[in-house]
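Fold and geometry: a report
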Amino acid sequence: MYSSQKEALRRNHVSIMDQLDPKDVSDHLHQDGVLTESDHELIDTGKTRKERCWMLLGILPSRGPVAYNSFKNALKHGYSHLEKLLSETTSSNGKVKDACLDSPYHFGSIGICAKCQPYMPANIASPALQNVLHKSCCMVLQNVEASDLLDLLYQEAILERNDCELIKSENTRKDRCVVLISKLSQCAKSYVSTVFTESLRRKYSFITDMLDNVNKEVSEGSLHLRSSPINDERPSYPTHHTGIHRVLEVKQTELFYQPIPSKSPMS
């Protein structure tokens, strides 16, 4: 989720907490793929409406930019005043200045960006994984909860059990994500990139969708370059240099063979 969107949720936190019942928006969020069944179960563990609302607001920022728009659309049905508050706050925030972590401007560019550099390993064993991380470093570090990916990564033998325990032991979401990337970077298995991408697709489809779009654009660009004919033929017309020589040859020939005018007979 972009900084401006997170800021809008924070600035309107009291109004949302006081007025919103999560059950009124959860179906819409589930339909849009923002909430999963496990998210519903977690939210329902809240004993009061406010506790459930607190849990919902804690989940939304980790589900990407689409979660914010889906939440706003859900609010239009019964909570239009809250939707209006969010829209006004987002507009007043203006353009997001942090183009690295909080906007798609960096997404798909070549190489790790300056802000993500300290958190990324210098060497990544799998070239395919390196390509994925170079294209999505900002989105992964900003949004992904590493614990959401561990089950599939362990099942496919990308991570060992002790790796998973080490990742879970970190105190913050970002620290867990950094340790996960560090462990993945040491894996040289040919399919590590595929498994990592599929583990993201389950809950962070906004990242994999953007990756798919970037790869499609690159593929189409390469295809266009391959299909474009290379004109290696010499021009059918004389070049400037050749033309000059031909003119000189003509002039010299005309000069050499020019007949001497005969003298007119004396009258």
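That block above? That's the structure.
What this report covers is the structure whose coordinates are included nearby. (Residues numbered from 1 in each chain as written. Predicted model: local features only at pLDDT ≥ 70, side-chain atom pairs only at ≥ 80, totals over all residues. Heavy atoms only, no water.)

1. Let's talk about the state of the cysteines
Per the stated rule, a full pass over the model turns up zero disulfides. Looking at the unpaired Cys-177, the closest cysteine sulfur is the one in Cys-116, lying at 9.7 Å. A relative accessible area of 1% places Cys-177 in the buried class. (Disulfide = S-S within 2.5 Å. Buried < 20%, exposed > 50% of the residue type's maximum accessible area, 1.4 Å probe, protein only.)

2. Quick notes on helix α1 (residues 3–11)
Every buried residue of α1 is listed here: Ser-4, Gln-5, Ala-8 and Leu-9. Viewed along the axis of α1, the buried residues span an arc of 140°, placing them on a single side of the element. (Helix = DSSP H or I, 4+ residues; strand = E, 2+ residues; numbered from the N terminus. Arc of directions from axis to C-beta.)

3. A closer look at the packing of aromatic side chains
Applying the stated criterion across every chain, the model contains one aromatic pair. With a centroid separation of 6.3 Å and an interplanar angle of 70°, the aromatic rings of Tyr-204 and Phe-206 are classed as edge-to-face. Of the two residues examined, Tyr-204 and Phe-206, each falls in the buried class. Above the ring of Tyr-119, the side-chain terminus of Lys-174 is found at 4.1 Å from the ring centroid. (Phe/Tyr/Trp six-rings, centres within 6.5 Å; stacked < 30°, edge-to-face > 60°. Lys NZ or Arg CZ within 6 Å of the ring centre and 35° of its normal.)

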